[in-house]
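# Chain and residue survey
Here are the chains, one letter per residue:
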Amino acid sequence: NEESDMDKVLALISLQTAEGYFVKDDKIYSILNIDKQEIKKIGGDLDARVLYTLLVTLALAKKFPELKACWDLVADKAETYLAKQTVPQDIKDKIEQLLA
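Our subject in this report is the structure included herewith. What you see is a predicted model, and the numbers here were worked out from it, not measured in a lab.

Definitions and cut-offs
Residues numbered from 1 in each chain as written. Predicted model: local features only at pLDDT ≥ 70, side-chain atom pairs only at ≥ 80, totals over all residues. Heavy atoms only, no water. Helix = DSSP H or I, 4+ residues; strand = E, 2+ residues; numbered from the N terminus. Rg over C-alpha atoms; globule rule 2.2 N^0.38 Å. Buried < 20%, exposed > 50% of the residue type's maximum accessible area, 1.4 Å probe, protein only. Contact = heavy atoms within 4.5 Å. Areas by Shrake-Rupley, 256 points an atom, 1.4 Å probe, with all protein chains shown as cover. Lys, Arg positive; Asp, Glu negative; His and termini not counted. Charge placed at Lys NZ, Arg CZ, Asp CG, Glu CD. Phe/Tyr/Trp six-rings, centres within 6.5 Å; stacked < 30°, edge-to-face > 60°. Lys NZ or Arg CZ within 6 Å of the ring centre and 35° of its normal. Patch = residues over 30% accessible without salt bridge, like charges linked within 9 Å, V, L, I, M, F, W, Y side chains within 5 Å. Salt bridge = Lys/Arg side-chain N within 4 Å of Asp/Glu carboxyl O. Axes fitted to C-alpha atoms, helices over the stretch in contact; angles between N-to-C directions. Parallel < 35°, antiparallel > 145°, perpendicular 65-115°, else oblique. Left-handed = near helix turned anticlockwise from the far one by under 90°. Nonpolar A, V, L, I, M, F, W, Y, C, P; charged D, E, K, R; others polar.

## Focus: the overall build of the protein chain
- Each helix and strand counted, the protein chain has six helices and zero strands in total.
- Ordered by position in the sequence, the α and β elements of the protein chain form the string α-α-α-α-α-α.
- Here the protein chain has a C-alpha radius of gyration of 13 Å; the compact-globule value for 100 residues is 13 Å, and the two agree.
- Considered along the principal axes of its C-alpha atoms, the protein chain spans approximately 35 × 25 × 20 Å.
- Expressed as a percentage of its 100 residues, the buried residues of the protein chain come to 42%.
- When contacts within the protein chain are restricted to residue pairs at least 6 apart in sequence, those whose partners lie at least 24 apart make up 69%.
- Carbon and sulfur atoms make up 48% of the accessible area of the protein chain, which totals about 5800 Å².
- Computed over 14 positive and 18 negative side-chain charges, the inter-centroid distance for the protein chain is 3 Å.

## Observations concerning the packing of aromatic side chains
- Inspection of the entire model under this criterion finds two aromatic pairs.
- Aromatic pair Y21 and Y81: ring centres 5.4 Å apart, planes at 50 degrees, arrangement tilted. Taken as a pair, Y21 in the loop between α1 (5–13) and α2 (26–32) and Y81 in helix α5 (residues 68–83) lie far apart in primary sequence, 60 residues in all. Residue Y21 shares its accessibility class with Y81, and that shared class is buried.
- A cation over a ring is seen here: R49 above Y21, with NZ or CZ 5.4 Å from the ring centre.

## Points about unusual backbone geometry
- Backbone geometry at N33 places phi at a positive 55 degrees, although glycine is not the residue there.
- Within the element layout of this structure, N33 appears in the loop between α2 and α3 (36–43).

## Here's the deal with the environment of I13
- Position of I13 among the secondary structure elements: in helix α1.
- Separated by 29 residues in the primary sequence, I13 and I42 place their C-alpha atoms 22 Å from one another.
- For I13, the contacting residues outside a window of four places in its chain are F22, C70, W71 and V74.

## A few points about a negative patch on the surface
- Together, E3, D5, D7 and E66 make up a negatively charged patch on the protein surface.
- The topology assignment puts D7 in helix α1.

## What to know about the packing of helix α4 (residues 48–63) against helix α6 (residues 89–99)
- Taken N-terminus to C-terminus, the directions of α4 and α6 make an angle of 45 degrees; their axes are 10 Å apart at the nearest point. For the element pair α4 / α6, the angle class is oblique. In this structure, α4 meets α6 at a crossing whose hand is right-handed. Contacts between α4 and α6 involve L51, L54, L55, L58, A59, K62 and K63 from the former and I91, K92, I95, E96 and L99 from the latter.
- The residue inventory of the contact of α4 with α6, partitioned by class, reads eight nonpolar, no polar and four charged.

Below you can see the structure in the form of structure tokens.
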């Protein structure tokens, strides 16, 4: 039974905290069909909250553009959180390549 895109988006959204970051959860790997080790390798020493927030917000935009109305405010909140953190551009680029 394939999850609908809406189910996937709602599952991802449910991982966001009140502060705006996304928590690390195994659901992320299965929903996005990506390898846990790849993400660990890309993230290195980066704070997991920053890494997973970056991953989920980039993935929402890349994989579910047609559902933007559902995740737009969530992404705004995440962007506000990320703006207060140090986000290395190379890590952002590597995540985008992984999601391509």
